[in-house]
Amino acid sequence: MSENTVEIGEDVEVDVVLGEGGVPIGAIVDDIIVATSADGSVVDETIDVLDAEGNIVLEDEIVSVYDGDGQLIESEETITVID
């Protein structure tokens, strides 16, 4: 990878949560975005918990910064509960 190149990738997984009788009662969405260069990487993972109507009821976001050797420099987590 050249020094001025930044690669960006995203991976999204959705899991439907089923209640009794197989009725959907919510979902969990795990969205990971990674930006990588020769100097290091930034990883932003957001996990959203949705109710049966598709409303977000909880969001957990973790942003991590890694140096060029893959060592964790800093990480911050924010959890938001939505009423």
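Higher on the page you've got the structure.
So, here is what we can say about the structure in this document.

The rules we used
Each chain carries its own residue numbering, running from 1 in the written order of its sequence. With the structure being a predicted model, the display of local features is reserved for residues of pLDDT at least 70 and the display and counting of side-chain atom pairs for 80 or more, all residues being used for whole-chain, interface and lining totals. Side-chain metrics rest on all non-hydrogen atoms present in the structure, leaving aside hydrogens and water. At least two bridges found by DSSP between two strands is the condition for calling them paired. The numbering of helices and of strands both runs from the N terminus, where a helix is a DSSP run of H or I of at least 4 residues and a strand a run of E of at least 2. Every residue pair with non-hydrogen atoms within 4.5 Å of one another is taken to be in contact. Axis lines are fitted through C-alpha atoms, for helices just across the contact stretch, and the angle between N-to-C directions can take any value from 0 to 180 degrees.

Some points on the pairing of strand 1 (residues 7-18)
Bridge count for strand 1 against strand 2 (residues 24-37) is 12 bridges, and the pairing is antiparallel. Bridge assignment links G9 to a residue of strand 2, and that residue is V34. Here strand 1 folds back onto strand 2, and the loop between the two strands holds five residues, one of which, G21, carries a positive phi near 75°.

Some remarks on the environment of I8
Secondary-structure assignment places I8 in strand 1. On a C-alpha basis, the gap between I8 and V42 in space is 9.6 Å, while along the polypeptide they are 34 residues apart. Beyond its immediate stretch of four places on either side in the chain, I8 contacts I33, V34 and A35.

Here's the deal with the side chain of D48
Summarising the element assignment, D48 is placed in strand 3 (residues 40-51). When residues no more than four places from it in sequence are discounted, the contact partners of D48 are A27, I28, V29, I56, L58 and E59.

Notes on the sheet that holds strand 3
Across the sheet, five strands lie side by side as 1-2-3-4-5; this open sheet has antiparallel pairing. Of all the strands in the sheet, the pair left with one neighbour each is strand 1 and strand 5 (72-81). Adjacent strand axes in the sheet meet at a mean angle of 10°, parallel and antiparallel pairs treated alike.

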